[in-house]
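# Understanding the architecture of this molecule
Residue strings, one per chain:
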Amino acid sequence: MKVSNINESFRKFGIIQVKYRWLFIGILALVTVLCCSGLGRLKLGGNETEYFENWDQVKIDNDHFKEVFGSSDGIAVLFEAEDVFAPEVLDAIDRMGKRLEQEVPYAKSVNSLMNLSVTSGNEEGFEVINPFEDGIPEDKAEIEEKKAFILSKESLVNNLVSDDCKSTWLILNLEDYGESVDEAKVVIVPPAKAIFEDPEFQSPAYTFKQCGVTYSEYEEDETCDKEISLRIMIGFVVMIIFLIIFVRSLRGVLVPFFATVFGIFSSLGVCGWIGSTIDNQLVMLPVLLAMALAVGYAVHYVNSFRLFLRRVGNRKEAVVLSVGESGWPILFTVITTMAGMISFSFSGLMPLRRIGLLCAGSVFAVYLYIMILIPILMSFGKNKTPTSVDLDKAGSTKTDLAFEKLGVKILSCKKLVVILTAILFIAMVPGLFKNHVSMDMISMMGTKIPYMQRLVAIANSKLGTMYDYNLLIEGDEDYFKNPENMKKLDQVRIKLGALPLTKISGNRPRVSSLSETVKEMNRTLNSDKKEFYCVPDDEDLLSQELFLYEISGGDDLYDQVTEDFSTTYLKVQMSDYKSNIVESVVREAKKIGEEAFPDAKVSIVGEVATFAEMNGKLVWGELKSFAVSFILILILMTLAFSSFRTGLIGMIPNIAPVILIGGVMGYFAIAFDSVTMMIMPMILGIAVDDTIHFNNHVKFFYEKTGNYKESILATFREIGKTMGMTTVILCSMFAIIAFSIMPCFARIGALSVLGLAGALVADYTITPVLIYICKPFGKDNK
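Residues numbered from 1 in each chain as written. Predicted model: local features only at pLDDT ≥ 70, side-chain atom pairs only at ≥ 80, totals over all residues. Heavy atoms only, no water.

The next point concerns the side chain of Ser 505. With respect to the helices and strands, Ser 505 occurs in strand 10 (residues 504-505). For Ser 505, a relative accessible area of 1% puts it in the buried group. Setting aside residues no more than four positions away along its own chain, Ser 505 makes contact with Asn 158, Lys 462 and Arg 510. (Helix = DSSP H or I, 4+ residues; strand = E, 2+ residues; numbered from the N terminus. Buried < 20%, exposed > 50% of the residue type's maximum accessible area, 1.4 Å probe, protein only. Contact = heavy atoms within 4.5 Å.)

Pasting the structure below:
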């Protein structure tokens, strides 16, 4: 496939563009209106459940748990004071609990010191009471008596209230809201937030910190929206600055600006029309990518146009010539970049699949606007007469000639370039094997954000945690009315408490189960004697205790076990999330359950189980995306240059930045997460652009001269400056993200800058050297 023939086809298209320029503008305007009209249908959102398909086992198990026990979501408030049993603190807890239950949609019930259900012995055996059912006593001695009673219940100490009485929970349990978290949180959280910010609950006697899945996701969205908006605004400012510096033309500034705006809006509008939900945490990437590429494509077209205008003087002729020379390499870079983005479709992760397709669509949309508008608008205006200097230098500037000299130096140091490249590859390989995956929220979001500071403070408190999982056990009817099974359940509770990462509060592992409720009942029935804090041996007695608890008003019993006593679960709260051991902890927990209950079905559900499963999906998703990206781009390079050898030579320089990024991530312990896993396929798709421009121009000049050195030097002279400009623009756009207060964004920004800068160095050095040594286009005519 001769480049000159392809260029001739684009030259003819350029003639059509200039001839029918108003028609092109009209059609583009109509398409823009149609696409943008879908913006009203666009949905932004996303949470970890979006990363799983309906057939994934972890999603099946979590949905099943929700069907059996209802929603596990809620809003939790950690009260802290010198003594949480002080009347003023108890009164605040009571008032806040009542307001939350009355004013927050989907409120189900409240658990707090003021809304307890605990067993107390009486003449008939025991009853389930609320110690503060009649309000807060005025007598301090009576309060102390109730305090001692509550602290005698082992299931409450260091669970609902700390053993030092300095902290306690107020928990608002939510009904199953049926809709997605993204839809429910905008209804649930604002009323709760208004209560927390009410001056009624501001007092020097206590402090409180709020959290919960729905509440935290709402705050996360607020933070991400502000951060993304800020970065995008800065991006537009940076884009305009670079356009002014590099293009120095009103048309050259306005076209990329509007191309970015309309390209992004059109792509998002199409997403709205097809009903695709876009992850609001990732939407910044296609926007900034579109900005950077819009400027890059514009710089290529404008620089090429100016080069030919200096040669021929006629604007329309210069436009036709620039389209002929730049049209094909720009289109090919668009195709390869889209291939890199489309590779996310093979990751197996729905949010990344959607954002990959949005990136690909945005790249193509921006290209269409630039391809149509830049040549057309540049064709308007006065012609200029070429100067004798322009004619002598074939339109080249001093900077162009400086890049030609750079090419001479590179070709004179071929061996050194090869050796240094090989050393870099070898040095980075060990780092590749140090990479790991982590879905730790603190690592991803950082601690500079106010709501994350609050969550970390809660997690570090005696009662708090950020992560937990449930061990679900399903047997036959009345399975847990059997004392042996109830004792096994208690043994499993003890073993889970001994696992790594299980939170310990006051020497008590934070593992709750039905067995603790049963032991409390048994002790209450036996005059609160400690030796009776155990599961009764007699099956009839166990059944009677459970029945008595139920009829005595113990409404929370069926929060722990199904009505037919076939299914229950243990909740394990964790002190930390360490990705290198959390998967083994989850596997060991399931193994403990299966060994104890070989005749029952055992599964792990909850947030940690979801994250652990995501670790594996992210690893395979990254590998599949990168492999697909590499293969697609290699195939495209092979087809474009009609040679597998040429395609492979073109891929070698583009593997260098990927290996560089992987090595740096490994050496500096930078984890792959749901954001950074996009880095390698994305960089490969973008970095290959300059390689395509370079190889295409070398082949074009080789077809004219038959000489590799002359072709390489001509390529340095014609596009060396433009390659540097586009890379500087791309790096600047990603540098905007690198200064984000959110580490997951900052990491992908910094790594992208590193990878793109490495790719440019490779295209200036190893790419021309490989072409010169391997001579992929034919024999050298010296």
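Now that the structure is up, let's keep going.
Moving on: the sheet that holds strand 13 (residues 567-574). Within a sheet, each strand pairs with its neighbour through backbone hydrogen bonds, oriented either parallel or antiparallel. Spatially, the four strands line up as an open sheet ordered 12-13-9-14, and their pairing is antiparallel. Each edge of the open sheet carries a strand with a single partner, namely strand 12 (511-512) and strand 14 (601-605). Relative to strand 13, strand 9 (residues 467-474) runs antiparallel, the two being bridged by eight bridges. From the neighbouring strand, Leu 471 faces strand 13, where its bridge partner is Leu 570. (Pairing = 2+ DSSP bridges.)

This paragraph deals with the nonpolar core. Within soluble globular proteins, side chains that are nonpolar generally end up buried alongside one another. Formed by 233 residues in total, the largest nonpolar core has its most connected members in Met 96, Tyr 469, Leu 496 and Ile 679. Sorting elements by how many residues they give to this core places helix 9 (residues 284-312) first, with 19 residues. Apart from the residues within four sequence positions on either side, Met 96 is in contact with Val 77, Phe 79, Leu 170, Ile 195, Phe 196, Phe 201 and Phe 208. Val 417, Ile 649, Ala 762 and Leu 770 belong to the second-largest nonpolar core, a separate cluster that totals seven residues. (Core = buried A, V, L, I, M, F, W, Y, C linked by side-chain atoms within 4.5 Å.)

Along the chain, Lys 779 turns up in the segment after helix 26 (766-774). Overall, Lys 779 belongs to the exposed group, its relative accessible area being 78%. On a C-alpha basis, the gap between Lys 779 and Gly 706 in space is 7.6 Å, while along the polypeptide they are 73 residues apart. Setting aside anything within four residues of it in sequence, one finds Lys 779 in contact with Tyr 702, Gly 706 and Tyr 708.

You can see Ser 629 is positioned in helix 21 (residues 607-641). Ignoring any residue separated from it by four or fewer positions in sequence, one finds Ser 629 in contact with Gly 340, Ser 343, Pro 681 and Leu 684.

As summarised here, the arrangement of the four strands in space is 3-6-2-7, forming an open sheet in which the pairing is antiparallel. Strands with a single pairing partner mark the edges of an open sheet, and in this sheet they are strand 3 (107-111) and strand 7 (207-211). With direction set aside, neighbouring strand axes in the sheet form an average angle of 20°. Examined bridge by bridge, strand 2 (residues 74-80) and strand 7 share five bridges and lie antiparallel to one another. Note that in strand 7 the partner of Val 77 across the bridge is Gln 210. Contacts from helix 4 (residues 87-103) reach strand 2, strand 3, strand 6 (167-174) and strand 7, with the element oriented near 15° to strand 6. (Axes fitted to C-alpha atoms, helices over the stretch in contact; angles between N-to-C directions.)

With that settled, consider the pattern of salt bridges. Scanning the entire structure with this criterion turns up 28 salt bridges. With a closest N to O distance of 2.9 Å, Glu 103 and Arg 99 form a salt bridge. Placement of the pair is Glu 103 and Arg 99 together in helix 4, with a separation of four residues, close to one helical turn. Between Lys 519 and Asp 490 there is a salt bridge; the shortest N-O distance is 3.0 Å. You can see Lys 519 sitting in helix 18 (residues 514-525) and its partner Asp 490 sitting in helix 17 (residues 483-497), a full 29 residues away along the chain. Note on accessibility: Lys 519 and Asp 490 belong to one class, buried. One continuous salt-bridge network, built from bridges that share partners, spans Asp 91, Arg 95, Arg 99, Glu 103, Asp 198 and Glu 200. (Salt bridge = Lys/Arg side-chain N within 4 Å of Asp/Glu carboxyl O.)

What follows is about the packing of aromatic side chains. Counted by the stated rule, this structure contains 24 aromatic pairs. When the ring of Phe 65 is compared with that of Tyr 569, the centres are 5.0 Å apart and the planes differ by 80°; the resulting orientation is edge-to-face. Taken together, the positions of Phe 65 in helix 3 (residues 57-69) and Tyr 569 in strand 13 put the pair 504 residues apart, joining distant regions of the chain. Accessibility assignment for this pair places Phe 65 and Tyr 569 in one class, buried. When the ring of Phe 196 is compared with that of Tyr 215, the centres are 5.6 Å apart and the planes differ by 70°; the resulting orientation is edge-to-face. In this pair, Phe 196 sits in helix 6 (residues 181-196) while Tyr 215 sits in helix 7 (residues 213-246), placing the two residues 19 residues apart along the sequence. For Phe 196, a relative accessible area of 4% gives the class buried. Three or more aromatic residues joined by ring pairs make a cluster, and in this case those are Phe 79, Phe 196, Tyr 206, Phe 208 and Tyr 215. (Phe/Tyr/Trp six-rings, centres within 6.5 Å; stacked < 30°, edge-to-face > 60°.)

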